[in-house]
Every structure is written in structure tokens, then in C-alpha cells.
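Below are the chains, spelled out letter by letter.
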Amino acid sequence: MNIHARTLLAAWLLLTGSADATETENLNTRILPVPGQVMIDGRTEDWDLSGGVFVCSDVENLRSKMGLWVHTMYDADNLYVLARWRDETPMSNPGS
């Protein structure tokens with residue numbers, strides 16, 4: 001590896017290492033049995049939310065502004081997935 005490649009590699013490592021944010025580590029998802037009859041209506045009153053997993057890319061700075069809770073339940077016939085998110089600008093998608 002020549003000196004220019006080493007210099008570029010060292011600069012890249014320094015720049016990317018200083019920009020780290022604490023992301024959530026979502027290693028285990030608890031799929032809970034349904035607590036009773038589940039209606040697919042967008043409401044959460046009939047959900048067991050105790051097994052939710054929080055997903056966020058920068059917990060220190062974005063926890064209250066942009067994050068996602070994922071909940072899963074099952075019964076004999078179905079797997080239910082609920083995603084509850086917080087986003088201060090949900091319809092703003094610049095660049096897409």
C-alpha cells in the first residue's frame with residue numbers, strides 16, 4: 001500500500017470514527033400470544049405492547065423526534081405486526 005492510499009485510509013477512519021451515533025441493537029423480537037380478539041383497525045387497545053422493540057439510529061439525539069416501536073403477536077391463524085413511529089415531519093421526504 002503506497003503512502004497516498006495509507007493517508008486516505010487514515011483520514012477516512014478518523015472522519016467516520018468521529019461521526020458514530022448510538023444505534024439500538026435489536027437482537028431479539030418477542031412474538032407474544034394475542035391477549036384476546038384482535039381487530040385490524042389501526043388502534044392499539046387490543047394489543048399487548050409489553051414485548052415491543054425500539055428502533056432508532058441515534059438514541060441520544062433522536063429518541064424523542066424520530067424512532068420506531070415494533071410489536072408482534074400471534075394466534076393460531078395469524079402473525080400480527082404493529083409499527084408505531086415518531087417522526088416530526090412524516091410527509092417530508094427530500095431527495096426521494
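Let us now look at the overall build of the protein chain. Counting its secondary structure elements, the protein chain contains two helices and four strands. Secondary structure elements of the protein chain, listed N to C terminal, follow the sequence α-β-β-α-β-β. Expressed as a percentage of the 96 residues in the protein chain, the buried residues total 16%. Within the protein chain, residue pairs in contact and separated by at least 24 positions form 46% of the contacts whose partners lie at least 6 positions apart. Only carbon and sulfur atoms are counted for the fraction: they give 56% of the accessible area of the protein chain, which is about 7,800 Å².

Let's shift gears to the nonpolar core. Counting residues in hydrophobic clusters, the biggest one holds five residues: Val38, Trp47, Met73, Tyr80 and Leu82. Residues in contact with Trp47, not counting those within four places in the same chain, are Pro35, Val38, His71, Thr72, Met73, Tyr80, Val81 and Leu82.

Per-residue confidence for the protein chain averages 83 on the pLDDT scale, and 89% of its residues sit at or above 70. When mean pLDDT is taken per element in the protein chain, strand 1 (residues 31-33) scores highest with 95 and helix 1 (residues 3-17) scores lowest with 69.

Mapped onto the elements of the fold, Asp46 is located in the loop between strand 1 and strand 2 (53-55). Side-chain polar atoms of Asp46 contact the backbone nitrogen of Met39, separated by 2.7 Å.

Moving on, we get to the environment of Trp85. Mapped onto the fold, Trp85 is located in strand 4 (residues 79-87). Given the relative accessible area of 62%, Trp85 is considered exposed. Considering only alpha carbons, one finds Trp85 and Val55, 30 residues apart in sequence, at a separation of 9.2 Å.

Enumeration over the complete set of coordinates arrives at two aromatic pairs. Relative to Tyr80, the ring of Trp47 lies with its centre 6.4 Å away and its plane at 85 degrees, an arrangement referred to as edge-to-face. Taken together, the positions of Trp47 in the loop between strand 1 and strand 2 and Tyr80 in strand 4 put the pair 33 residues apart, joining distant regions of the chain. Residue class for Tyr80 comes out buried when judged on its relative accessible area of 10%. The interplanar angle of 50 degrees and the centroid separation of 5.3 Å between the aromatic rings of Phe54 and Trp69 together place this pair among those described as tilted. Note that Phe54 is positioned in strand 2 and Trp69 in strand 3 (residues 66-74), a separation of 15 residues in sequence.

What counts as what
- Within each chain, residue numbers correspond to sequence positions counted from 1 in written order.
- Local features in this predicted model are restricted to residues whose pLDDT is 70 or higher, and side-chain atom pairs enter the listing and the counts only when it is 80 or higher, whereas totals over whole chains, interfaces and linings include all residues.
- Where side-chain values are given, they derive from all heavy atoms of the structure, hydrogens and water being excluded.
- A run of H or I in DSSP becomes a helix once it reaches four residues, and a run of E becomes a strand once it reaches two; helices and strands are each numbered from the N terminus.
- Each residue is placed in one exposure class: buried if its accessible area under a 1.4 Å probe, protein chains only, is under 20% of its type's maximum, exposed if it is over 50%, and partly exposed if it falls in between.
- By definition in these notes, contact holds between two residues if any of their heavy atoms fall within 4.5 Å.
- Each accessible area is a Shrake-Rupley estimate made with a 1.4 Å probe; only the visible protein chains count as cover when residues are assessed.
- Nonpolar cores were defined as sets of buried Ala, Val, Leu, Ile, Met, Phe, Trp, Tyr and Cys residues, with membership established by side-chain atoms within 4.5 Å.
- pLDDT expresses, on a scale from 0 to 100, how confident the predictor is about each individual residue.
- Think of a polar contact as two N or O atoms within 3.5 Å of one another; within protein, one of them needs to be a possible hydrogen donor and the other a possible acceptor, and neighboring residues in sequence only count if both atoms come from side chains.
- The aromatic pairing rule takes the rings of Phe, Tyr and Trp, using the six-membered ring of Trp, and pairs them if the centres are within 6.5 Å, calling planes under 30 degrees apart stacked, those over 60 edge-to-face and the rest tilted.

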